[in-house]
Amino acid sequence: MTQLPRPSQPFTGNIQRLLSDSTPASFSQRTAPDGAPNVLLIMLDDVGFGSMSTFGGPVPSPALQSVADEGLSYNQFHTTALCSPTRAALLTGRQHHRVHMGGITEIANSYPGYDSAIPAESASVAEVLRMSGYSTSCFGKWHLAPSWEQSPSGPFDRWPTGLGFDRFYGIIGAEASQWEPAVYDQTTPISPHVGRPGYHLTEDLADRAIEWLERQTASTPDRPWFCYFSTPAVHAPHHAPPEWINRFAGQFDGGWDSLRAEIYERQLELGVIPSGTTNTTRPEQIPAWEDYPERYRPVATRLMECFAGFLAHTDHHIGRVIDASRQLDKRNGTETLIIYLTGDNGASAEGTIHGAWSAPSFQNGVHEDPEWLLEHIDDFGTAKCENHFNVGWAWALDSPFQWMKQVASHFGGTRNGLAISWPNTITESGGVRSQFHHVVDIAPTIYAAAGITPPERVNGIEQMDLDGVPMNYTFAADGASTRTSQYFEILGNRAMYHEGWIASCFHGRVPWIRMQAYEFDGPDEQWELYDVTNDFSQSVNLAEAEPERLANLRALFDSEAQRLGVYPLRDAGSPRNGELAVPHSLGEVSSMTYSTAHIRMPESSVINLKNCSWRITGDVTILGTSEGVIACQGGNMSGWSLWLRDSVPHFTYNCFGHDITTMSGDALLDGQHSVVIDFVYDGGFGRGGDLVMSVDGISISRARIERTVPLVYSMSGETFDVGIDTGSVVGPYPHDYRCTATINGVTLERKSEPDPTIKQLIEEGMWRAGMSTQ
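In what follows, the accompanying structure is described. Just so you know, these numbers come straight off a predicted model, no measurement behind them.

Viewed as axis vectors pointing N to C, helix α1 (residues 62–70) and helix α7 (residues 297–332) meet at an angle of 45°, and their least axial separation amounts to 7 Å. Considering their axes alone, α1 and α7 lie oblique with respect to each other. Residue-level contacts link Pro62, Ala63, Leu64, Ser66, Val67 and Glu70 of α1 to Asp315, Ile318, Gly319, Ile322 and Arg326 of α7. Among the residues making up the contact of α1 with α7, the classes are represented as six nonpolar, two polar and three charged.

Now for the sheet that holds strand β21 (residues 613–622). The antiparallel open sheet is built from six strands, whose spatial order is β20-β30-β21-β26-β27-β28. For this open sheet the edge positions go to β20 (591–594) and β28 (698–707), each flanked by a neighbour on one side alone. Taking the axes of each pair of neighbouring strands and ignoring which way they run, one obtains an average angle of 15° across the sheet. Sheet analysis places β21 next to strand β30 (residues 742–751), joined by nine bridges and oriented antiparallel.

On to the pattern of salt bridges, then. In this structure the tally under the stated criterion is 33 salt bridges. Here aspartate 467 ties to arginine 98 by a salt bridge, and the two come within 2.9 Å at their closest N and O atoms. With aspartate 467 in the loop between β15 (461–462) and β16 (485–490) and arginine 98 in the loop between α2 (83–92) and α3 (125–131), the pair connects residues that are 369 residues apart, well separated along the chain. Accessibility expressed as a relative area gives 15% for aspartate 467, which makes it buried.

What follows covers unusual backbone geometry. Here alanine 236 and proline 237 are connected by a cis peptide whose omega angle stands at 5°. As for its placement among the helices and strands, proline 237 is situated in the loop between β9 (225–230) and α5 (242–245). Phi at serine 116 is positive, roughly 70°, even though this residue is not glycine. Of note, serine 116 is situated in the loop between α2 and α3. Assessed through its relative accessible area of 0%, serine 116 is described here as buried. The residue glutamate 499 is not glycine, and still its phi comes out positive at about 50°. Assessed through its relative accessible area of 55%, glutamate 499 is described here as exposed.

Reading the values: the criteria
- Residues numbered from 1 in each chain as written.
- Predicted model: local features only at pLDDT ≥ 70, side-chain atom pairs only at ≥ 80, totals over all residues.
- Heavy atoms only, no water.
- Axes fitted to C-alpha atoms, helices over the stretch in contact; angles between N-to-C directions.
- Helix = DSSP H or I, 4+ residues; strand = E, 2+ residues; numbered from the N terminus.
- Parallel < 35°, antiparallel > 145°, perpendicular 65-115°, else oblique.
- Contact = heavy atoms within 4.5 Å.
- Nonpolar A, V, L, I, M, F, W, Y, C, P; charged D, E, K, R; others polar.
- Pairing = 2+ DSSP bridges.
- Salt bridge = Lys/Arg side-chain N within 4 Å of Asp/Glu carboxyl O.
- Buried < 20%, exposed > 50% of the residue type's maximum accessible area, 1.4 Å probe, protein only.

These figures come from the coordinates and say nothing about function on their own.
Pasting the structure below:
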């Protein structure tokens, strides 16, 4: 039985009492198999098949093109249609439900296929390579740690450093501001943007990766390396330097219908889709460009320019990492297997019909008024907003396929361009491969390239069999695929591929509509059948012509779903509370006192103050004029902050960056004070309520807010902080606004009922400054 780590080898020398009488033997280090290459695994985020120029897209991609020119490009490679599931399958070589990642970590439930806790029986490719003599590193986006394991106390078993990576530098969650990211160095939170005007996360990630490659090869030149470079780009927010965005000024004025047609024609010319492929029609839920209001077209085109600039900028800096690896190969006489996967799913349509200025708005189910977008068009691409482009652009960039990210039933959600190069092994430069493969096949491909047999036991734990199959046979020639079957399922959208045919069921919910439950096997579902050997883009539904074949594929899906843990099916509107809930790091605790030791606390690890009445108490000591943030949560797109200026206490509530309410008290005299913010909730979901500020038991100020953030302040890493506001700022104060008062403690309390005294005063209309709240 093969196992890792390998047992210690017995000493082969001779040990006597004295050194002069003993015979030494060389110390044995773990070493990789002879000829094992370095491996650079690159993955982008939210990039549709037709986005980059290598696959017919409008965005120049010289780095991707260089890999394709020196090696091969693949036009039938698939992902799962969503972030975390693709990453789990990529790094383990097992199907995503089987490793408990049926959705993103933020929407986990307690069923095994969906609890987001990758089991120890599915060791990652990084773990196996590290135990087999490789140096390993991860730079960029992780998005595989369960929400209850993201707090400063861990556990860190499912962070990169716990799953086989010697080095990690990046973000732990789903997305990040490129200008003000919540970065981790190993497991330590850092703020690399502070004091660095013009900072951009992608550039920083490339710098750190190159730095690691240089250090690794100089320190251990005989040890091969594995570098997983997985950028948060180009997931929203679409942040890029203005000079990159402006390169695309005016290029998309023809709209998304025209863009898709142009991409399709280039794809045919390049040969990345077969001749005769049909460009599938636009779904009726997406407006035609000619029907889209002319008033808002400048907003739409600018949002697309931001995306294009972001993607071009990303490929450029990936090119720096690729160039560094090639230079090191020349210097050291080594070889690097480069795998460049252009996305973890199709292009994202989560930004709604009109696009978005504030990502937390649509993440909480709110669609922004296009008039607001028009008024704030100059913010796009900057730190002032978290912009996302319109649904129509996502559809265009997934040419020639139907649908987009989240829709696992159709190739618009699951088909991603891939390029692989490996000097002296892949000798057909610039070839195109059409074998049907899946992200689950990448880890076995790396094992085969490195000459490593996947272990049967890791750390004493028996391992699941790999679901992936090596793709190395494709390096020699195009032809039949060794992958003959593959299921797909994300949020109720499901499909079954088998021997050139695919049965597809779109569940009915479009990706830009959240929190809406659809009935399984109900009127919104329809199973379709496609002969993808002859119908590359799933354009001709043969369900009525081939009912028996469709029935057989549906039965095969059911069998695979039972085997792999897909059931019970759920969608975006399915409940996740009660016994369905995954653990919370705080358990049932509803009150907690925090100190200045608490910064960069993830939202999921702090008392939840949403959809309820609550109280925040800041215990501070003033000595002289004081300023700074006492405590805050969130960032400039949503959150709250208790802060001081000239010793005056202020409280700001920020709803989606649109509705910003600040109430203020009177200057605090020297000494200890209790500043209390009470919120009396109207009830319901995302509803409003009344705020009351009290100081030392006396009411000071009152404010009314008409709506609140119901689900999440931020998916871009904005956190809870005491004594400072890291990341983007919630309120009207500068960055790095450190509190000069002494903070004795900050208590957050989630209340099932509001304080009766506060509630009575508000209900009876008797509230006035100076009333006792005790």
